[in-house]
Amino acid sequence: MAASRPRPAARLFPRGSWPEVSRIGAILRAETVGGALLVAAAFLAIVWANSPWRAAYSAVSEFRIGPAALHLDLTLAMWAADGLLAIFFFVAGLELKREFVAGDLRSFRLAVLPVAAAVGGMVLPAAVFVAVSTRAGGDLAGWAIPTATDIAFALAVLAVVGAALPTALRTFLLTLAVVDDLLAITIIALFYTAELHLLPLLLAAPPLAAFAVLVQRGVGSGWHLLPLARATWALVHASGVHATVAGVLLGFTVPVRRRSTGPGPGLAEHLEHRFRPLSAGVAVPVFAFFAAGVPLAAAGELGPVVSGPITVGIIAGLVVGKPLGVLGATWVVQRFTRAELAPELSWWDVLGLSLLAGIGFTVSLLIGELAYGVGSDLDNQVKIGVLLGSGTAALLAAVILRIRDRHYRAIRKQDTVDDDRNGVPDAYRDDEVRDA
């Protein structure tokens, strides 16, 4: 009897299927542009808030607009956090459903690593924040601030310093962020709902159900869907649950697979392509503009704010807790599944990505506002902590990934020389095409 062939060892960070790689590549390009706009908007806000015209910045942020009868007379800053970010979370809901229904995450084997890394990247930074803030006598309401990853900001850094990094690493970072968004949404819904009003929440069910019926029937017209989406958002907002949760619920209702076998994308992909540029290019940068404008000059000496327990806890959570959580969870998965890193990868690559996960911006600032309110001294500590922590994590990640990028560029250069020597056609030189 012939001896059975040994099973090949499982791989960490597999390349993924060709359709998935192509789809994620398009997402990465959109989010990278959004990350650059986010950084620019945050920089503009900080400069304006600390200029001689800072009163104008405050006036714009606090300008109220909307129908008071419906309790929607919100400031522009609140519209950015509650309204525009609902678009961001709608896209996140679409992406979550696509990943778990039709993406590579429908496979348990492929889902284990990013899910474990996301959970580790949530638990450890929260624990670090609590430990540091408790010792310094800080308010623990913001324990979830350092648990979130800003994928747009992280991908912008990755695009600048890691253009030659393997696609598998970029795919892992995006998938990790998708699961991270799900955990952040759950945290906001469960722990940052100050007062729950059941009647508006129950009234939100009919327009949500009508929206679900229409999209399940393949209706993608904004004339039919947008009024229902607005009604759902307004009623969820009135219930006391953060209105961004409405965006996720609406995204979850959209079918991923096509109802027919004809060509073209499904409705989820169609809506994602339509709203992702609005999310990455408008919603997130505008929120960053209103959320990042901490008045350092008006706060007096910067030292007490930087050394405050909330600030230190957030920085420690993002720079130490988040990377160690992601890296440690990855190591645990490798240890217990006996999986191996892909031959071309190194644990230095994993460390660099783990540091990128420590860039918490959009959702971190949102949770900070929910935990401590807007404009308070603690809110200033949150903003400074998120800015300094995210900037430090980005800088450390950039150093490591830049070194690894040079390594992969050298490999690609050698591969090109070998292809020229062996007469490989140009159409087959791309690694992705070869594997496809």
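Up top is the structure.
Report on the accompanying structure. (Residues numbered from 1 in each chain as written. Predicted model: local features only at pLDDT ≥ 70, side-chain atom pairs only at ≥ 80, totals over all residues. Heavy atoms only, no water.)

**Structural notes on the nonpolar core**
In this structure, Phe89, Leu356 and Phe361 are the most contacted members of the largest nonpolar core, which totals 79 residues. Setting aside chain neighbours within four positions, we find Leu356 in contact with Thr149, Ala154, Val157, Leu158, Leu173, Ala397 and Leu401. (Core = buried A, V, L, I, M, F, W, Y, C linked by side-chain atoms within 4.5 Å. Buried < 20%, exposed > 50% of the residue type's maximum accessible area, 1.4 Å probe, protein only. Contact = heavy atoms within 4.5 Å.)

**Considerations on a nonpolar patch on the surface**
Together, Phe100, Val115, Val119 and Val123 make up an exposed nonpolar region whose accessible area comes to about 280 Å². For the nonpolar patch, the element with the highest residue contribution is helix 4 (residues 108–136), accounting for 3 residues. Among the residues examined, Val123 registers a relative accessible area of 48% and is labelled partly exposed. (Patch = residues over 30% accessible without salt bridge, like charges linked within 9 Å, V, L, I, M, F, W, Y side chains within 5 Å. Areas by Shrake-Rupley, 256 points an atom, 1.4 Å probe, with all protein chains shown as cover. Salt bridge = Lys/Arg side-chain N within 4 Å of Asp/Glu carboxyl O. Helix = DSSP H or I, 4+ residues; strand = E, 2+ residues; numbered from the N terminus.)

**Details of the packing of aromatic side chains**
One pass over the full model with this rule turns up 9 aromatic pairs. Considering the side-chain rings of Trp48 and Phe289, the 5.9 Å spacing of their centres and the 45° angle between planes classify their relative orientation as tilted. In this pair, Trp48 sits in helix 1 (residues 18–49) while Phe289 sits in helix 11 (residues 267–291), placing the two residues 241 residues apart along the sequence. On the accessibility criterion, Trp48 (26% relative accessible area) is partly exposed. On the numbers, 5.8 Å between centres and 75° between planes, the contact of Phe153 with Phe361 is edge-to-face. Of the two residues, Phe153 sits in helix 5 (residues 151–161) while Phe361 sits in the loop between helix 14 (347–356) and helix 15 (362–372), which places them 208 residues apart along the sequence. The same class applies to Phe153 and to Phe361, which are both buried. Taken together, Trp48, Tyr57, Phe289 and Phe290 form an aromatic cluster joined through their ring pairs. (Phe/Tyr/Trp six-rings, centres within 6.5 Å; stacked < 30°, edge-to-face > 60°.)

**A few points about helix 8 (residues 205–216)**
Between its first and last C-alpha atoms helix 8 spans 16 Å; for 12 residues at 1.5 Å apiece the expected length is 16 Å, and the two agree. Those residues of helix 8 that fall on the buried side of the exposure criterion are Pro207, Leu208, Phe211, Ala212 and Val215. In an axial view of helix 8, the angular spread of the buried residues amounts to 140°, which keeps them on one side of the axis. Elements that come into contact with the buried residues of helix 8 comprise helix 3 (76–101), helix 7 (198–203), helix 9 (222–239), helix 10 (244–253) and helix 11. Gly218 occupies a position one or two residues after helix 8 and carries a positive phi of about 90°. (Expected span 1.5 Å × (residues − 1). Arc of directions from axis to C-beta.)

No statement about biological role is implied by the geometric values presented.
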